[in-house]
Amino acid sequence: MNCILLGPPGAGKGTQGKKIEEAFGVVHLSTGDMFREARKSDKVVDELIALGQLVPDDIVVDVIKKRLQKEDIKKGFLLDGFPRTLNQAKEFDVVLETRQIKIDLVFFIDVHFEESVKRIAGRRVCPSCGVSYHVIATPPKVPDKCDFCCNLLVQRNDDRESIVRDRLKIYRKHSEPLVDYYKRAGSIVYIDGSKGELDVFKQISKHLEIR
Ligand code: AP5
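This write-up is about the structure you can find in this document.

The rules we used
- Residues numbered from 1 in each chain as written.
- Predicted model: local features only at pLDDT ≥ 70, side-chain atom pairs only at ≥ 80, totals over all residues.
- Heavy atoms only, no water.
- Helix = DSSP H or I, 4+ residues; strand = E, 2+ residues; numbered from the N terminus.
- Rg over C-alpha atoms; globule rule 2.2 N^0.38 Å.
- Buried < 20%, exposed > 50% of the residue type's maximum accessible area, 1.4 Å probe, protein only.
- Areas by Shrake-Rupley, 256 points an atom, 1.4 Å probe, with all protein chains shown as cover.
- Pairing = 2+ DSSP bridges.
- Axes fitted to C-alpha atoms, helices over the stretch in contact; angles between N-to-C directions.
- Salt bridge = Lys/Arg side-chain N within 4 Å of Asp/Glu carboxyl O.
- Core = buried A, V, L, I, M, F, W, Y, C linked by side-chain atoms within 4.5 Å.

**What about the overall build of the chain?**
Link 1 in the chain: Per the secondary structure count, the chain includes nine helices and seven strands.
Link 2 in the chain: Taking 211 residues into account, the globule formula puts the C-alpha radius of gyration at 17 Å, and the chain, at 17 Å, falls close to it.
Link 3 in the chain: Projecting the C-alpha coordinates of the chain onto the three principal axes gives extents of approximately 50 × 40 × 35 Å.
Link 4 in the chain: Scored against the burial criterion, the 211 residues of the chain give a buried share of 46%.
Link 5 in the chain: By element, 53% of the accessible surface of the chain is carried by carbon and sulfur atoms, the whole surface being about 11,500 Å².

**Structural notes on the sheet that holds strand β2 (residues 27-30)**
Paired through backbone hydrogen bonds, the strands of a sheet run either parallel or antiparallel to each other.
Link 1 in the chain: Across the sheet, which stays open at both edges, the five strands sit in the order β2-β3-β1-β4-β7 with parallel pairing between neighbours. Of all the strands in the sheet, the pair left with one neighbour each is β2 and β7 (188-192). Strand-to-strand twist in this sheet, taken as the mean axis angle between neighbours without regard to direction, amounts to 20°.
Link 2 in the chain: Inspection of the sheet shows strand β1 (residues 3-6) paired to strand β3 (residues 77-80) by three bridges, in the parallel sense. By the bridge assignment, Ile-4 is partnered in β3 with Leu-79.

**Digging into unusual backbone geometry**
Link 1 in the chain: Pro-83 follows Phe-82 through a cis peptide bond whose omega is -10°.
Link 2 in the chain: With respect to the helices and strands, Pro-83 occurs in the loop between β3 and α5 (86-99).
Link 3 in the chain: Its identity is not glycine, yet Gln-100 carries a phi of approximately 55°, on the positive side.
Link 4 in the chain: Considering the arrangement of structural elements, one finds Gln-100 in the loop between α5 and β4 (105-110).

**Looking at the pattern of salt bridges**
Link 1 in the chain: As enumerated under the stated definition, the model contains 21 salt bridges in all.
Link 2 in the chain: For the salt bridge of Glu-37 with Lys-40, the shortest nitrogen-to-oxygen distance reads 2.9 Å.
Link 3 in the chain: A salt bridge links Arg-39 to Asp-46; the nearest nitrogen and oxygen atoms lie 2.7 Å apart.
Link 4 in the chain: Under the relative-accessibility criterion, Arg-39 is labelled buried at 14%.
Link 5 in the chain: Each of Arg-123, Arg-156, Asp-158, Asp-159 and Arg-167 takes part in a single network of salt bridges with overlapping partners.

**Here we look at the nonpolar core**
Across soluble globular proteins, you tend to see nonpolar side chains buried next to one another.
Link 1 in the chain: With 35 residues, the main nonpolar core has Ile-4, Leu-6, Leu-29, Phe-77, Leu-79, Phe-92 and Tyr-182 as its most contacted residues.
Link 2 in the chain: In this structure, Leu-5, Leu-78, Phe-107 and Phe-201 belong to the second largest nonpolar core, which totals 16 residues.

**Considerations on the pairing of β3**
Link 1 in the chain: Residues of β3 alternate between two faces, with Phe-77 and Leu-79 on one and Leu-78 and Asp-80 on the opposite face, all of them buried.
Link 2 in the chain: Pairing of β2 with β3 involves four bridges; the strand directions are parallel. Bridge pairing in β3 links Leu-29 to Leu-79.

Listed below in C-alpha cells is the structure:
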C-alpha cells in the first residue's frame, strides 16, 4: 500500500510516519529527513531549510524519482512532506503513471496553526537516531537526553518561532491547495491531528487495517 501524509508543519507527520512504518512495514519516506541529510554537503539546501523556504520543485521531484527506484518501496511506502506544491503533485502524477504505481490513500492531518507553533516550539530531536520529543507532551525520561541513545537533544534551527510562522505561511500558500487537489482525485482521508499521538495513530490505522 502506498500513502501520502499531508498536513502543516507540526501536524505530526513524522511522528505518525515512524509509527506506521513500524506497525505496517511500509517505508517511511520523509523529504524533510532527506534534505536534512543533504544539507550537510549542500550549502544551498542548508540555507533554504534554515530559512524555512522550500527546496525548488525540480530538485525535490528528482530526489523522489531516484528514491522510488529502490527495491524496498515494493513493500509499500508512506510519503511525508511530499508533494508540497501543486507543481510537485502534478509532476509526481506523471512519475506514478509512467512507473505504474498507485497511491491508495492520502491522509490529511489537520491541526490549528497555533497548535503547530506550540508543538514545534517544544520539539527536541535526537541528532543521532532522529527520535522526536516534545518538552511537555512527550518528554524524554531524562531531561534533554534521548531515551534510546542518551545523546543530547537539539532544537532544529528552522524551529525558531519566527521561522515556524514563515513555514506556516508557505504551507498555506503552496501546500494547502493540495488538499483540494487530492479531494478531487477522491483519495483523501481527514484525520483530526489535534488529538493525542495514539488517538491519531488509531484514526490512521483503521484505514490501513481494512486494506
Ligand atoms: P519537514 O521536515 O517535512 O518539515 P514540516 O513539514 O514543516 O514538518 P515538521 O517536521 O515540522 O512537522 P511534522 O508534521 O513532521 O511533525 P512532528 O511529527 O515532527 O521539512 C523541512 C524542510 O525541508 C522544509 O521547510 C523545506 O525547506 C524542506 N522540504 C522538505 N520537503 C520538501 C518538499 N517536498 N518541497 C520543498 N522543500 C521541502 O511533530 C512535531 C512536534 O509535535 C514533535 O515535538 C512531536 O513530539 C509533537 N507531536 C506530534 N504529534 C503530536 C500529537 N498528536 N499531540 C501532541 N504533540 C504531538
